[in-house]
Structure formats: structure tokens, C-alpha cells
Amino acid sequence: MSIAPSTTKDEVPQPAAPAPAPSRWAPLRPLVLRLHFYAGVFVAPFLLVAAVTGFLYAGAFQAEKIAYRDEMTVAVGDRKLPVSEQVDAARKAHPEGTVSAIRPSPAADATTRVLLSGVKGVDPNHTLAVFVDPYTGKVRGTLEQYGSTGALPLRTWIDEFHRDLHLGENGRLYSEFAASWLWVIAGGGIVLWFSRRRALRKVRGTSGRRRTLGLHGSVGVWAAAGFFFLSATGLTWSTYAGANIDELRTSLGQSTPSVSAAAGGDHAGHGASASAGDAEHGVGLDKVLAAARAEGLGDPVEIVPPADASSAYVVRQVQRSWPEKQDSVAVDPTAGEVTDTVRFADYPLLAKLTRWGIDLHTGVLFGLVNQLVLMLLALSLVLLIVWGYRMWWQRGRGSAFGRPIPRGAWQQVPPQILVPGVVLIAVLGYFVPLLGIPLAGFIAADVILGEIAHRRGRSGATA
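Residues numbered from 1 in each chain as written. Predicted model: local features only at pLDDT ≥ 70, side-chain atom pairs only at ≥ 80, totals over all residues. Heavy atoms only, no water.

Student: Give a description of the overall build of the chain that names residues and reports values.
Tutor: Scanning the chain from N- to C-terminus turns up 12 helices and eight strands. Taken across its 463 residues, the chain has 44% of its residues classed as buried. Counted over contacts in the chain with a minimum sequence separation of 6, partners at least 24 positions apart contribute 62%. Carbon together with sulfur atoms contributes 63% to the accessible area of the chain, which is approximately 25,100 Å² in total. (Helix = DSSP H or I, 4+ residues; strand = E, 2+ residues; numbered from the N terminus. Buried < 20%, exposed > 50% of the residue type's maximum accessible area, 1.4 Å probe, protein only. Contact = heavy atoms within 4.5 Å. Areas by Shrake-Rupley, 256 points an atom, 1.4 Å probe, with all protein chains shown as cover.)

See below:
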């Protein structure tokens, strides 16, 4: 008699596990995939230019120190001359133009910068910086300077290339377009990456398009937070979105305050005009600087002479690295007394966040470490773009280059998700027009092309 083999509990056939219920967000994946694909294809060239020029700009800070070492540094002496004598030495060597500001030597081995505006041959938006040895009064050289960070010709050229491709105000639209779409592409990539099964996210042991996709997704996820930050901070000083952000901050009472330049000390919040016949007025530069020092304004500072007889000197801190030094005072040129004070600690929250965000975006907040991180982010973006186009190439079949993602994805999205999403996109598009206008154009073109293809298909079927 045969005995049936015994079976353990583990060997008893188990019913197949039911397939996991699809997520309510699953219908969004095809729509996000299509948006990510087309945005990547058409916006990537602008992002590539922004990434390459941003990489160069981040490295320009250190390159500037090397290229202009002779103008920016001096041998340390025993005693620095009064600022007024340093300005006199600069004016004897360069009497042209007018003194718009003075930046006294901020360190033992740093020169003083006397900034001249209205100099023939110098860009009207720039100043001519005369570099003076603070110990001897000897002029070390002159260079054009731009912006509040004191950018010299090398960094200025790269900065303008990054900002507007040297095309002026119209050229700024390229960088705003790139910043407007960077966060959308990064956010779409995150959604697509985490909606894939974990097994499909691997890079090791893969090849072909799957390997390219793994590299693209892995680097993109790690760099996404940086891309969101660069996009948001880049928009704060863009042409159209930046104006909307400034208007919003003003309406909320969060605009950046400025010291009153009125000699009477009226706290009206208007900034001083950086134009004057010469630097010395009333009590003179040395007493003005001493009054600012007494108010706690340490180096580095910038002294702006009075614009006219009814204006005061303005002395402001210009340190943009951490910790920020952005205090400013107005000093009456007649009495040498401080008439108005604005402390960075008293800035509204959004004003502080804007200041920190811009300085972090431009690489000055944390110095060399900040610049290296920005260079790494820029390099990551370049690689992501290259991998993205490579995937498009690998997606093609035969002679077809890069098959597009099929249309109709939006029809799969439930109304309770689609309708709020459309409203949100409309609001964002209004405040960020270089996101909203191109997106509306893409949707319109996509609908028209889809309708044409549909009619051709229908006519071909009835022929």
C-alpha cells in the first residue's frame, strides 16, 4: 500500500496574491511623462546654456582673484592713510568723472576702491574703480566694476553672458524662460522616478536605454532640490516673474527697506542717489566713516557721497557672505551725526530670504564651498540634458529619431484631479508668464496637430 507523501504547511499551494490596486495618482503618470518629455526636448537647449554659463560664473570668483591680484592686493604696511587722502590720490591720478562711492580697504592686504561714474569710455551702468594702496596712496590700477558685489571685467562679462547672452533686456528672456521651466522639469522627473518600480530604478548591471534612464533618474533625484532652489531664486530678479514677485512683496509689506538719504533724517525709506561732484562735503569722509563705525558698521563698507546740498552721506555694509552685513546709516554732512539707521536684523522675513537666496544663487553666501556646489549642480544639469537627448535617440526605431510620447494622456486623469490642476497651472502661468505662455502654446499646437492626425486617419479609413 502506498502512502501519499506528507506536505508541510509551507508546501501547500497558496492562492495568487491579488494585484495591488492602482494608485489614484496613477493616471497622472502618462500626462507627466508627456510634459517632462516635451519640456525636456524644447527647453533643454536654454537650460544647457544657463548651466554652462552658470558653471563659468561660479568659477569666476576665484579666477578674478588671480587675474586682478595686482589691483586687488597690496603688501601689508604699518598704518593705513585716512580715507580722504586715499581719495585725493585717486582723484589726482584720475580727475575725470565724479566720485560715486568709496570702498575703504576691508582687509590688511586689500586695496581701497574709489568708484567713478560718468567716465568717458566706461559703460554707463558700470563705474571705473581706481585701486589705491591704503598705506602709500599709490594708485595700483583701474578696472571697470559692475554691481553690488564689485564684479570686475572677467566676472562681469561672464555674469552678463549668463544673464542675457550680451543681448540686453531682450536677452534676459532666455534665462527667465529657463528658470521658469527648470522646476517643472525637475518636479516631473521626481514624479516619474518614484512612480517606477524599485527594480527598474537600478543602474548597476543594466545597459542601453535602461542604463541611460537609470543614470538620468538617479542624478536628477539627487540634484532636484538644488534645481528647485536655482529656479525659485533665479525668478526673483527676472524681468516679468521678478516684477510680480516684487509687487507681491510690496503688497505684503515685505519689501527691502533702505536708509533715508535726506539730511534731515526723514525716515521716508528712499535710497540715496550715487552721484556727486566729488567725495568731500561738509565734515568730510573721515568723520563720516568714524560716525558709521561708532554705529557698529564694520568692514566691508561703502561710502556714497551726498547727491546734492540737501542730502546726507550714506554708509552701508556690503558683505554678502555669511554672516550677512547689510546695515546702513545716513550721516549729516554738516554736523557729522547719524540721522537714520537701517539694520539687517530688522528686515522683513521675505526681504531677508530674498537677500540670502540671491547671494546663495550667485555663490557669495558661503564662499568657495558655495561656488563648488553651484558648479556641481551645473555639471549635473549638463549631464542630465545629454542623457535625456540620448534616451530620446535610443527611443527611436529604425530611421525615426526619438518617437514622441502618445497623445491623449490628459483624458485618463480623473476630473477631481484634472480641474484643480488646470486652475493651479493657470495661476502659476499668470505669475510666471514665460511658463504659462509657452505651455498654452504647446497645448494649442498639440491639440491642432492631434486633430489633423485624427482627420487624416479617419479619411484614410474611409478611402
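Alright, that's what it looks like, and here's the rest.
Student: Account for the nonpolar core, with residues named and values stated.
Tutor: Of all hydrophobic cores here, the largest spans 33 residues; its most connected members are Val43, Leu47, Trp181, Leu182, Phe227 and Leu381. Mapped onto this core, the elements with two or more residues apiece are helix 1 (28-67), helix 5 (172-195), helix 6 (208-236), helix 10 (367-395) and helix 12 (433-462). Of all hydrophobic cores here, the second largest spans 25 residues; its members include Val87, Val122, Val130 and Leu285. (Core = buried A, V, L, I, M, F, W, Y, C linked by side-chain atoms within 4.5 Å.)

Student: Break down the pairing of strand 6 (residues 313-317) for me, citing the residues and quoting the values.
Tutor: Burial within strand 6 is extensive, with four of its five residues counted as buried. Where strand 5 (residues 301-304) meets strand 6, four bridges bridge the pair, whose relative direction is antiparallel. Looking across to strand 6, one finds that glutamate 302 is bridged to arginine 316. By the bridge criterion, four bridges tie strand 6 to strand 7 (residues 328-331) in an arrangement that is antiparallel. Counted as the bridge partner of arginine 316 is serine 328 from strand 7. (Pairing = 2+ DSSP bridges.)

Student: Which residues make up a nonpolar patch on the surface, and what values go with them?
Tutor: Taken together, the side chains of Leu48, Val52, Phe55, Leu56, Leu376, Leu379 and Leu383 present a nonpolar region at the surface, about 550 Å² in accessible area. If you list the elements that add at least two residues to the nonpolar patch, you get helix 1 and helix 10. Owing to a relative accessible area of 56%, leucine 376 belongs among the exposed residues under this scheme. (Patch = residues over 30% accessible without salt bridge, like charges linked within 9 Å, V, L, I, M, F, W, Y side chains within 5 Å. Salt bridge = Lys/Arg side-chain N within 4 Å of Asp/Glu carboxyl O.)

Student: Quick rundown of the packing of helix 1 against helix 5? Include the residues and the values.
Tutor: Helix 5 packs onto helix 1 with a crossing angle of 135° between their chain directions and a minimal axis gap of 7 Å. Accordingly, the angle class assigned to the pair helix 1 and helix 5 is oblique. For helix 1 against helix 5, the interelement crossing comes out left-handed. A per-class count over the contact of helix 1 with helix 5 returns 18 nonpolar, six polar and one charged. (Axes fitted to C-alpha atoms, helices over the stretch in contact; angles between N-to-C directions. Parallel < 35°, antiparallel > 145°, perpendicular 65-115°, else oblique. Left-handed = near helix turned anticlockwise from the far one by under 90°. Nonpolar A, V, L, I, M, F, W, Y, C, P; charged D, E, K, R; others polar.)

Student: Tell me about the pattern of salt bridges, and please be specific about residues and values.
Tutor: Applying the stated rule across the entire model yields 11 salt bridges. The partner of glutamate 64 in a salt bridge is arginine 155, and the shortest N-O contact between them spans 3.2 Å. Here arginine 155 lies in helix 4 (residues 153-164) and glutamate 64 lies in helix 1, a separation of 91 residues in the sequence. Considered together, glutamate 64 and arginine 155 belong to a single accessibility category, that of buried residues. Notably, a salt bridge pairs aspartate 299 with arginine 293, separated by 2.7 Å at the nearest N-O pair. When salt bridges with common partners are traced through the structure, they connect Arg103, Glu302 and Arg316 into a single cluster.

Student: Outline the environment of glutamate 144, supporting the account with residue identities and numerical values.
Tutor: Mapped onto the elements of the fold, glutamate 144 is located in strand 4 (residues 139-145). With a relative accessible area of 26%, glutamate 144 lands in the partly exposed category. Those residues within four positions of glutamate 144 in sequence are excluded, and the remaining contacts are Gly121, Val122, Asp123, His126, Thr127, Leu128, Ala151, Leu152 and Pro153. Of the polar contacts made by the side chain of glutamate 144, one reaches the side chain of histidine 126; its length is 2.8 Å. (Polar contact = N/O pair within 3.5 Å; in protein donor to acceptor, adjacent residues only side chain to side chain.)

Student: Explain the packing of aromatic side chains to me, and be specific about the residues and the numbers.
Tutor: Aromatic ring pairs are defined here through the distance separating the ring centres and the angle between the ring planes. Within this structure, the stated rule accounts for 13 aromatic pairs. Residues phenylalanine 37 and tryptophan 392 carry aromatic rings whose centres are separated by 6.2 Å and whose planes lie at 80° to one another, so their mutual orientation is edge-to-face. Taken as a pair, phenylalanine 37 in helix 1 and tryptophan 392 in helix 10 lie far apart in primary sequence, 355 residues in all. With respect to class, phenylalanine 37 is no different from tryptophan 392; both count as buried. Taking 5.3 Å as the distance between ring centres and 50° as the angle between the ring planes, the aromatic pair formed by tryptophan 157 and phenylalanine 161 counts as tilted. Residue tryptophan 157 and its partner phenylalanine 161 are both found in helix 4; the two are separated by four residues, about one turn of the helix. Within the aromatic cluster, the residues linked to one another by ring pairs are Phe37, Tyr38, Phe42, Tyr389, Trp392 and Phe442. (Phe/Tyr/Trp six-rings, centres within 6.5 Å; stacked < 30°, edge-to-face > 60°.)

Student: Could you give me a rundown of unusual backbone geometry, with the residues and numbers involved?
Tutor: Among all residues save glycine, negative phi is the norm, and among peptide bonds the norm is trans. For the bond from aspartate 299 to proline 300, the omega torsion is -5°, close enough to zero to count as cis. Tracing the backbone through its elements, the reader meets proline 300 in the loop between helix 8 (285-294) and strand 5. Backbone torsion omega between tryptophan 322 and proline 323 reads -5°, so that peptide bond is classified as cis. Even without being glycine, leucine 165 reaches a positive phi, approximately 60°. Positionally, leucine 165 belongs in the loop between helix 4 and helix 5. The backbone phi angle of histidine 166 is positive, close to 60°, even though this residue is not glycine.

Student: Report on helix 9 (residues 349-362), specifying residues and quantitative values.
Tutor: A rise of 1.5 Å per residue sets the reference length of helix 9, with its 14 residues, at 20 Å; its end C-alpha atoms lie 20 Å apart and thus fit the reference within 8%. Listing the buried residues of helix 9 in full gives Ala351, Lys352, Thr354, Arg355, Gly357, Ile358, Asp359, His361 and Thr362. Looking at the packing, one finds that the buried side of helix 9 touches helix 1, helix 6, helix 7 (240-251) and helix 10. Positive phi shows up at glycine 363, right after helix 9, with a value of about 90°. (Expected span 1.5 Å × (residues − 1).)

Student: Outline the environment of valine 288, supporting the account with residue identities and numerical values.
Tutor: Examined against the element boundaries, valine 288 turns out to sit in helix 8. The sequence separation of valine 288 and alanine 335 amounts to 47 residues, and the corresponding C-alpha distance is 9.5 Å. Dropping the residues within four chain positions of it, valine 288 is found in contact with Val283, Ile303, Tyr313, Val315 and Val331.

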